[in-house]
Amino acid sequence: MPAWPDRRLLDLFRIDTPILLAPMAGSGGSALAIAVAKAGGLGSIPCSSITVEKVTAEVALFRGAVAAPINLNFFSHQPRTPTDAEQARWLGRLAPYFKEFGVDPSGLPAAGGRAPFDDAMCRMVESLKPEVVSFHFGLPDHELMHRVKATGAKIVGTATTVAEGRWLADHGVDAIVAQGNEAGGHRGNFLTDDMATQPGLFALLPQLVDAVDVPVIAAGAIADGRGMAAALMLGAAGVQIGTAYLLSDESVSVPVHKAALKEARDDNTAVTNVLTGRPARGVLNRIMREVGPLSSDPLPFPLAGGPLAPMRAATEKNGHGDFQPLWSGQAGALAREGSAEAITRAIADAAQKRLHRED
């Protein structure tokens, strides 16, 4: 295979192909990470929504299946306890749905499910010694960062603007994910909450590459060799891919999520905060249309989703994803079925042909 144009990421992570699996909570685990690693990319485990014991078990499965580096991904948000007024406002906004589905709001399940990086997670990192540790929503505090670095792990942060990228570089990351507005899932924003000014990937990427000295990884609607080649031509040292794997054999997305992906188009996703309390891109569904997509009513992340749980359970069992995340980037229509290993190899091979003009 011809050489890749920028080897920095390959050498940094000790991988053969500059493709990183996006860490997708609820959709990816060890099986998906193994498949991407077998194709020469970097496998990832999303850790903020599962227990330390589950992460440990997933890493053990990965280590037992392939001799390759692994990325453990964590959230770095600052949890906030909502006020009584905020609680009342969100429950009041959802009151028509409680009535429709016969839900008693006084008996709602506990909300949450996404924890920020803390001492327990750091001790797990110190024990497991992953080759790469990545963070979303900024970085943890200096002491935790120092402990992660001491394990020898390379640190990756996500930026949605050039300012965030500069901040991450100034705070010691080894590489930066440039997340364009097209990307599926949660925005990695941490210096701004203004979604109206979020740049698309091909505007953000070259400006961020010019602004920092560390390798930049492109993320956002890259689902085939054309997108990968274009990102590399704009200066990316590698790409992070998520949505393209959501229909793969190794994806653990629930059936209604996969069904939504099969109906995905360039114009039927939106950035919303009504599902979790933080902006994230997904396929439009009922709650997004009727309450959002963006609203000032939801509880702070990750509490907004808790009160939606009864409606989600009622509709999901009937094959509808009206009250749950259906995360997808704007290129969801390019997602393909098949093994993630084959998908990875196909994207890499097609990108090589584009880059070296062999097609």
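Refer to the structure printed above.
A short tour of the structure in this document, coming up. (Residues numbered from 1 in each chain as written. Predicted model: local features only at pLDDT ≥ 70, side-chain atom pairs only at ≥ 80, totals over all residues. Heavy atoms only, no water.)

1. So, the overall build of the chain
Stage number 1. Within the chain, the secondary structure is distributed over 13 helices and 11 strands.
Stage number 2. The globule rule puts the C-alpha radius of gyration for 359 residues at 21 Å, and the 20 Å found for the chain is close to it.
Stage number 3. With the C-alpha coordinates aligned to their principal axes, the bounding extent of the chain is approximately 60 × 45 × 40 Å.
Stage number 4. Within the chain, buried positions represent 55% of all 359 residues.
Stage number 5. When contacts within the chain are restricted to residue pairs at least 6 apart in sequence, those whose partners lie at least 24 apart make up 69%.
Stage number 6. With an accessible surface of roughly 14,800 Å², the chain has 51% of that area assigned to carbon and sulfur atoms.
Stage number 7. Positive and negative side-chain charges in the chain, numbering 33 and 38 respectively, have mean positions lying 2 Å apart. (Helix = DSSP H or I, 4+ residues; strand = E, 2+ residues; numbered from the N terminus. Rg over C-alpha atoms; globule rule 2.2 N^0.38 Å. Buried < 20%, exposed > 50% of the residue type's maximum accessible area, 1.4 Å probe, protein only. Contact = heavy atoms within 4.5 Å. Areas by Shrake-Rupley, 256 points an atom, 1.4 Å probe, with all protein chains shown as cover. Lys, Arg positive; Asp, Glu negative; His and termini not counted. Charge placed at Lys NZ, Arg CZ, Asp CG, Glu CD.)

2. So, the sheet that holds strand 2 (residues 43–46)
Stage number 1. One open sheet accounts for 8 strands, arranged 1-9-8-6-5-4-3-2; its pairing is parallel. The two strands at the open ends of the sheet, each matched to only one other strand, are strand 1 (19–21) and strand 2. The average undirected angle you get between the axes of adjacent strands in this sheet is 25°.
Stage number 2. Bridge analysis of strand 3 (residues 70–75) against strand 4 (residues 132–136) gives 5 bridges, and the strand direction is parallel. Within strand 4, the residue paired with leucine 72 across the bridge is valine 133. (Pairing = 2+ DSSP bridges. Axes fitted to C-alpha atoms, helices over the stretch in contact; angles between N-to-C directions.)

3. Quick word on the side chain of histidine 77
Stage number 1. Topologically, histidine 77 is positioned in the loop between strand 3 and helix 4 (84–101).
Stage number 2. Accessibility expressed as a relative area gives 5% for histidine 77, which makes it buried.
Stage number 3. For histidine 77, the side chain forms a polar contact with the main-chain oxygen of arginine 114, separated by 3.4 Å.
Stage number 4. When neighbours within four sequence positions are excluded, histidine 77 is seen to be in contact with Arg114, Ala115, Pro116, His136, Phe137, Arg278, Phe301 and Pro302. (Polar contact = N/O pair within 3.5 Å; in protein donor to acceptor, adjacent residues only side chain to side chain.)

4. Re the sheet that holds strand 7 (residues 185–186)
Stage number 1. Strand order across the open sheet formed by 3 strands is 7-11-10, with antiparallel pairing between neighbours. What marks the edges here is a single partner per strand, and that holds for strand 7 and strand 10 (269–272).
Stage number 2. For strand 7 and strand 11 (residues 280–283), the ladder comprises 2 bridges, and the chain directions are antiparallel. The partner of histidine 186 across the bridge, within strand 11, is alanine 280.

5. Quick look at the packing of aromatic side chains
Stage number 1. Counted by the stated rule, this structure contains 9 aromatic pairs.
Stage number 2. Where tyrosine 97 meets phenylalanine 323, the ring centres are 5.4 Å apart and the plane angle is 75°; that geometry is what we call edge-to-face. Note that tyrosine 97 is positioned in helix 4 and phenylalanine 323 in the loop between helix 12 (309–316) and helix 13 (340–355), a separation of 226 residues in sequence.
Stage number 3. Given a relative accessible area of 2%, phenylalanine 323 falls into the buried group.
Stage number 4. Between the aromatic rings of phenylalanine 101 and phenylalanine 323, the centroid separation amounts to 5.5 Å while the plane-to-plane angle is 85°, which identifies the pairing as edge-to-face. Of this pair, phenylalanine 101 sits in helix 4 while phenylalanine 323 is found in the loop between helix 12 and helix 13, placing the two residues 222 residues apart along the sequence.
Stage number 5. A residue is classified by how much of its surface remains accessible, and phenylalanine 101, at 26% relative accessible area, is partly exposed.
Stage number 6. A network of ring pairs unites the aromatic residues Phe74, Phe117 and Phe135 as a single cluster. (Phe/Tyr/Trp six-rings, centres within 6.5 Å; stacked < 30°, edge-to-face > 60°.)

6. Re the nonpolar core
Stage number 1. Grouped together as the largest cluster of nonpolar side chains are 85 residues, with contacts concentrated most on Phe13, Leu72, Phe74, Phe117, Phe135, Met228 and Tyr245.
Stage number 2. Among all residues touching phenylalanine 13, those that are not within four sequence positions of it are Leu20, Leu42, Pro69, Val132, Lys154, Val156, Ala175 and Ile217.
Stage number 3. Residues Trp90, Ala270, Val291 and Leu299 belong to the second largest nonpolar core, which totals 18 residues. (Core = buried A, V, L, I, M, F, W, Y, C linked by side-chain atoms within 4.5 Å.)

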